[in-house]
Amino acid sequence: MNTAEQNSAEILAATPTVTVTLPGSFCTWLDGTGLAQGQDDSDPECKALRLAYDAAPLRRNGKSYYVKITTGDDAVLKVLAEYGGYCNDSNIDEPDAAEVRAAHIVEARAIAARKELRAAQEAARAQQAVEAEPANAHDADEPIPAEVLAAAPGTVIVTHDHGMKHDVWRDGGGLGALFDETPANLARGGWAAWSPKCSNKGGIIGFYATKEEAAAAVAEAWPAPAAEEPAPADPEPEELDVHVVSYLGGKVHTLMPGQEEHPYPLCRGGGMNQQVTKFRITSEPLSCSRCVEYARRRAARASA
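What this report covers is the structure whose coordinates are included nearby. Residue positions within a chain follow its written sequence, with the count starting from 1. Note on the predicted model: pLDDT of at least 70 is required for a residue's local features to be given, and 80 or more for side-chain atom pairs to be given and counted; whole-chain, interface and lining totals, by contrast, use all residues. As a convention, hydrogens and water are excluded, and side-chain values are obtained from all of the structure's heavy atoms.

### Points about the overall build of the protein
Counting its secondary structure elements, the protein contains eight helices and eleven strands. Each residue gets one of three labels from its accessible area relative to the maximum for its type: buried under 20%, exposed over 50%, partly exposed in between, using a 1.4 Å probe on protein chains only. Taking all 304 residues of the protein together, 31% fall into the buried category. Only carbon and sulfur atoms are counted for the fraction: they give 53% of the accessible area of the protein, which is about 19100 Å². Put simply, DSSP H or I for four residues or longer makes a helix, DSSP E for two residues or longer makes a strand, and each gets a number counted from the N terminus. Using a 1.4 Å probe, accessible areas were evaluated by the Shrake-Rupley method; residue-level cover was limited to the displayed protein chains.

Have a look at this one:
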């Protein structure tokens, strides 16, 4: 595969597409229309649907058949939904039950596919925008100044590059640049602030009276650095010395850990869904032989 073919294949693979299955009854009707026969090719949207329909493989399922159209063109889906309606309308005088059912199916599938395609296209555009955005305004081939590397996390640093240009940094990454135009005594402010994150023409955020104000504006154009999450606390040790007893009386059990709100025994005596036996917390000593044995084993493990 040559370079042009490879680029074409990559673009095609990155283009969102959807697939609509057309029942055989609808295809039989569509084959008799001017669209399928190429008579409506003067309309670009009709021609696009015809080409997509002609390229779609015919598949068989027993005695019936169906056609699967795959497209990334919203116009194809729009016309397909319209023809689903036309097929339904054409069956008013002499209705064909199979065609009417197929027409409703095609119309619904085409409408749903349009929504799916639009969502996929929006997601693709958003992903392309993210990939196009520079993650760092600093040229990777140039060394990072030592004062930038030594700065405390989150600190905005401004270093002189050359001439009028100054670079703005935070956490070792370049955020943008400042241009010192103060010698010109401009009324609009002598410090021009630029950032690759700015959507204004040329990436100019604005003009400021001081270097500090301009640097702050560049930093604000970028998302705030994520705060470090605190290390997870050690889990609380399980409290297994809480006891429960049925409201009806009986043996005293160990409480199942974490079930203080809806108590039930560690030995799972009684219904776990609490639809049969209800338990309450008690200070009475254990009397359930199974829970007593569990307690003995825990004590042995703890002393080992």
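### A few points about the sheet that holds strand β9 (residues 243–246)
Strand pairing is assigned whenever DSSP detects at least two bridges linking the two strands. On the basis of which strands lie adjacent, the open sheet formed by three strands has the order β10-β9-β11 and antiparallel pairing. Looking along the sheet, the strands with just one partner apiece sit at the ends: β10 (252–254) and β11 (279–282). On average, adjacent strands in this sheet sit at an angle of 40 degrees to one another, irrespective of strand direction. Across three bridges, the pairing between β9 and β10 is antiparallel. Following the sheet pairing, Val 245 is matched in β10 by Val 252. Lines fitted to the C-alpha atoms define the axes, with helices restricted to the stretch that makes contact. Angles between their N-to-C directions range from 0 to 180 degrees.

### Digging into the pairing of strand β7 (residues 191–194)
Looking at chain direction, strand β6 (residues 173–180) and β7 are connected through four bridges and run antiparallel. Directly across from Ala 177, in β7, lies its bridge partner Trp 194. In terms of strand pairing, β7 meets strand β8 (residues 204–208) through four bridges, oriented antiparallel. Bridging across to β8, Ala 193 finds its partner in Gly 206.

### Describing helix α3 (residues 44–55)
Expected span, for any helix, means 1.5 Å times one less than how many residues it has. If you check α3, its first and last C-alpha atoms are 16 Å apart, about what twelve residues at 1.5 Å a residue would give, namely 16 Å. In protein, a polar contact means a hydrogen-donor-capable atom and an acceptor-capable atom, both N or O and within 3.5 Å, with residues adjacent in sequence counting only if both atoms are side-chain atoms; elsewhere, any N or O pair within 3.5 Å suffices. Measuring from the backbone nitrogen of Glu 45 back to the side-chain oxygen at the start of α3 gives 2.9 Å, which picks out Asp 43 as the cap.

### Re the pairing of strand β5 (residues 165–170)
Along β5, five of the six residues are buried, which leaves the element largely enclosed by surrounding structure. The sheet contact formed by strand β4 (residues 156–162) and β5 spans six bridges and is antiparallel. Within β5, the residue paired with Thr 159 across the bridge is Asp 167. The turn linking β4 back onto β5 is made up of two residues, and Gly 163 within it adopts a positive phi angle of 55 degrees. As paired strands, β5 and β6 are joined by six bridges and run antiparallel to one another.

### Some remarks on the packing of α3 against helix α4 (residues 74–89)
Between α3 and α4, whose axes approach to 8 Å, the crossing angle comes to 90 degrees. Of the possible angle classes, the one that applies to α3 and α4 is roughly perpendicular. Along the contact surface, α3 presents Glu 45, Cys 46, Ala 48, Leu 49 and Ala 52, while α4 presents Ala 75, Val 76, Lys 78, Val 79 and Leu 80. Should an angle lie under 35 degrees it is considered roughly parallel, over 145 roughly antiparallel, and from 65 to 115 roughly perpendicular; all remaining angles are considered oblique. Only heavy atoms matter for contacts: two residues are in contact if any of them lie within 4.5 Å across the pair.

### Here we look at the nonpolar core
Residues belong to a common nonpolar core when they are buried Ala, Val, Leu, Ile, Met, Phe, Trp, Tyr or Cys residues joined through side-chain atoms within 4.5 Å. Leu 22, Phe 26, Leu 30, Ile 69 and Leu 80 are the most contacted members of the largest nonpolar core, which totals 29 residues. Going through the elements one at a time, β1 (18–23), α2 (24–31), α3, β3 (64–71), α4 and α5 (97–132) are the ones with two or more residues in this core. For this core, the leading source of residues is α4, giving seven residues. Not counting residues up to four positions away in its chain, the partners in contact with Leu 80 are Val 20, Leu 22, Phe 26, Leu 49, Val 106 and Ala 110. Among the nonpolar cores identified, the runner-up in size contains ten residues, and Val 168, Leu 175, Leu 178 and Ala 193 belong to it.

### Looking at the pattern of salt bridges
Where charged atoms from two side chains of opposite charge approach closely, those side chains can pair. Every case where a carboxyl oxygen of Asp or Glu lies within 4 Å of a side-chain nitrogen of Lys or Arg is listed as a salt bridge. Summed over all chains, the structure comprises ten salt bridges. In this structure, Arg 118 engages Asp 74 in a salt bridge whose closest nitrogen and oxygen atoms are separated by 3.6 Å. You can see Arg 118 sitting in helix α5 and its partner Asp 74 sitting in helix α4, a full 44 residues away along the chain. Accessibility expressed as a relative area gives 42% for Arg 118, which makes it partly exposed.

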